[in-house]
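# Overview (structure and organization)
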Amino acid sequence: MSARLAQFDALLTRRRTPPAAAPHQTTRTLRDPWGEPVAEFKHTPSDIELLKAAHRLQGDDWLGVLADEAQGRGLNAAWRLALLRADRHGRPRLSAQVGPQWLSAAVAERPGVRPAVLRRDLCAAAVRQLWASGWKLVG
């Protein structure tokens, strides 16, 4: 019984501190070149998140690094960030182009370059192309 009274006493004497105010979260909006909102982010988006939102990737679509055989020379391969849209039966294609949609300029690298580094660099280049074509991240 005395343990319960001590616990009750501790609860009564505990000072109530008001909950800390949550820091104001800024919402960042990705806008296309015509000023239309495309996506909202509650944090600073990564390059890959920006690309996925800008190109409206869906779950079945694939975004990755491919060799552009038309650009390669000798031992150096030309690598580009590519988007492959999934085949959506019964719906019109988003693009009349068959094959990959190239999102970045070609970068010549020798075989054996680290894929994670190459992908990061190509994503950064693709985001720079978005900014150059008029896309904006507001907020």
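Each remark here, short or long, concerns the structure printed above.
Residues numbered from 1 in each chain as written. Predicted model: local features only at pLDDT ≥ 70, side-chain atom pairs only at ≥ 80, totals over all residues. Heavy atoms only, no water.

### Some words on the overall build of the protein
- Helix and strand content of the protein: 3 helices and 7 strands.
- Along the protein, helices (α) and strands (β) appear in the sequence α-β-β-α-β-β-β-β-α-β when read from the amino end.
- Counting the 139 residues in the protein, one finds 23% classified as buried.
- Considering only contacts in the protein between residues 6 or more positions apart, those separated by 24 or more positions represent 53%. (Helix = DSSP H or I, 4+ residues; strand = E, 2+ residues; numbered from the N terminus. Buried < 20%, exposed > 50% of the residue type's maximum accessible area, 1.4 Å probe, protein only. Contact = heavy atoms within 4.5 Å.)

### Some remarks on the sheet that holds strand 1 (residues 28–31)
- Ordered by their spatial adjacency, 3 strands build an open sheet running 2-1-7, and the pairing between neighbours is antiparallel. At either end of the open sheet lies a strand with only one pairing partner, and these are strand 2 (37–41) and strand 7 (136–138). Going from strand to strand, the sheet's axes swing by 25° on average, the running direction of each strand aside.
- Pairing analysis gives 4 bridges linking strand 1 to strand 2, with the strands arranged antiparallel. By the bridge assignment, Leu-30 is partnered in strand 2 with Ala-39.
- Those strands touched by helix 2 (residues 47–54) are strand 1, strand 2 and strand 7, and its axis lies near 145° from that of strand 2. (Pairing = 2+ DSSP bridges. Axes fitted to C-alpha atoms, helices over the stretch in contact; angles between N-to-C directions.)

### Thoughts on the environment of Ala-67
- Mapped onto the elements, Ala-67 comes out in strand 3 (residues 62–67).
- It is 9.5 Å that separates the C-alpha atoms of Ala-67 and Ala-108, two residues lying 41 residues apart in sequence.

### Notes on the packing of helix 2 against helix 3 (residues 115–132)
- Closest axis-to-axis distance for the helix 2/helix 3 pair is 9 Å, and the angle between their directions is 50°. What the angle tells us is that helix 2 and helix 3 run oblique. Seen along the crossing, helix 2 lies across helix 3 with a hand that is left-handed. Listed contacts from helix 3 to Asp-47, Ile-48, Leu-50, Leu-51 and Ala-54 of helix 2 are Arg-119, Cys-123, Ala-124, Ala-126, Val-127, Leu-130 and Trp-131. (Parallel < 35°, antiparallel > 145°, perpendicular 65-115°, else oblique. Left-handed = near helix turned anticlockwise from the far one by under 90°.)

### Structural notes on helix 2
- Of the residues making up helix 2, those classed as buried are Leu-50, Leu-51, Ala-53 and Ala-54. Relative to the axis of helix 2, the buried residues are bounded by an arc of 165° and lie together on one face.
- The inward-facing, buried residues of helix 2 abut strand 1, strand 2, strand 3, strand 4 (77–84), helix 3 and strand 7.
- At the C-terminal side of helix 2, Arg-56 shows a positive phi close to 50°. (Arc of directions from axis to C-beta.)

### Observations regarding the environment of Leu-122
- Tracing the backbone through its elements, the reader meets Leu-122 in helix 3.
- For Leu-122, a relative accessible area of 1% translates into the label buried.
- Those residues in contact with Leu-122 that sit more than four places away from it in its chain are Val-65, Trp-79, Arg-80, Leu-81, Ser-104, Ala-105 and Val-107.

### What to know about unusual backbone geometry
- Its identity as a non-glycine residue notwithstanding, Arg-56 has a phi of 50°, on the positive side.
- Within the fold, Arg-56 resides in the loop between helix 2 and strand 3.

### Section: the pairing of strand 4
- Sheet topology note: the strand 3/strand 4 ladder contains 6 bridges and is antiparallel. Counterpart to Val-65 in the pairing with strand 4 is Leu-81.
- Across 3 bridges, the pairing between strand 4 and strand 6 (residues 107–109) is antiparallel. Bridge pairing links Ala-77 to Glu-109 in strand 6.
- The pairing of strand 4 with strand 5 (residues 101–102) spans 2 bridges and is antiparallel. Residue pairing across strands places Ala-82 opposite Trp-102, the latter belonging to strand 5.

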